Amino acid sequence: QVQLVESGGGSVQVGGSLRLSCAASGRTLSDYALAWFRQAPGLERALVATITRSGRTTFYPEFVKGRFTISRVNARNTMYLQMNSLKAEDTALYYCAASPSITLATDISLYRYWGQGTQVTVSS
């Protein structure tokens, strides 16, 4: 079992940047594909970015492509999400998640472990 803790959320103006971190404990992070999801009030939880165990392959949905970058440092048991050019619609609770998948995991049902979330608020 792995425990995940997000940090780095906060309030920022439109066009600004934030970097989220996800620290893992309990198991080595290199055993898992990882992802960031977000959930805004009244909406379903949505995939924001995902990365394979090695970190060599990533996937982004169109609404964040070119603005967000997911990365991981397995030696530090940590994953990151660099968010640039933030928009008001990026406001949400952001979660990190881990999947035992050995390939890229874009389906939310593949994720077994979740953090508690960190709030990101983007205002104009």
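The structure presented is a predicted model; accordingly, all values stated were derived computationally and were not measured. (Residues numbered from 1 in each chain as written. Predicted model: local features only at pLDDT ≥ 70, side-chain atom pairs only at ≥ 80, totals over all residues. Heavy atoms only, no water.)

Caption draft 1: Region of interest: the state of the cysteines. Counted by the stated rule, this structure contains one disulfide. The disulfide bridge from Cys22 ends at Cys96, spanning 2.1 Å between sulfur atoms. Residues Cys22 and Cys96 are joined by a disulfide whose S-S torsion is about 60 degrees; by sign, that bridge is right-handed. Placement of the pair is Cys22 in strand β3 (residues 18-25) and Cys96 in strand β9 (residues 92-99), with a sequence separation of 74 residues. Owing to a relative accessible area of 2%, Cys22 belongs among the buried residues under this scheme. Residue Cys96 is classed as buried on the basis of its relative accessible area, which comes to 0%. (Disulfide = S-S within 2.5 Å. Helix = DSSP H or I, 4+ residues; strand = E, 2+ residues; numbered from the N terminus. Buried < 20%, exposed > 50% of the residue type's maximum accessible area, 1.4 Å probe, protein only.)

Caption draft 2: Here's a closer look at the packing of aromatic side chains. Per the counting criterion, the structure on display carries five aromatic pairs. Between Phe37 and Trp114, the aromatic rings sit 4.9 Å apart at their centres with planes inclined by 50 degrees, giving tilted as the arrangement. With Phe37 in strand β4 (residues 33-39) and Trp114 in strand β10 (residues 113-114), this pair connects stretches of sequence that are 77 residues apart. Taking the relative accessible area as the measure of exposure, Phe37 reaches 1% and is therefore buried. Judged by relative accessible area, Trp114 falls into the partly exposed class, the value being 27%. (Phe/Tyr/Trp six-rings, centres within 6.5 Å; stacked < 30°, edge-to-face > 60°.)

Caption draft 3: How the structure looks around the nonpolar core. Core analysis: the largest hydrophobic core is formed by 30 residues, its most contacted members being Leu4, Trp36, Leu81, Met83 and Tyr94. For this core, the elements supplying multiple residues, two or more each, are β3, β4, β5 (46-51), β7 (68-73), β8 (78-83), β9 and β11 (118-123). Counting residues in hydrophobic clusters, the runner-up holds seven residues, among them Ala33, Phe37, Leu47 and Ala97. (Core = buried A, V, L, I, M, F, W, Y, C linked by side-chain atoms within 4.5 Å.)

Caption draft 4: Structural detail: the environment of Val14. Within the element layout of this structure, Val14 appears in the loop between β2 (10-13) and β3. In this structure Val14 comes out as partly exposed when scored by relative accessible area, which is 45%. Taking C-alpha positions, Val14 is 30 Å from Ala24, a pair spaced 10 residues apart along the chain. Sequence-distant contacts of Val14, defined by excluding residues within four places in its chain, comprise Leu86, Ala88, Val122, Ser123 and Ser124. (Contact = heavy atoms within 4.5 Å.)

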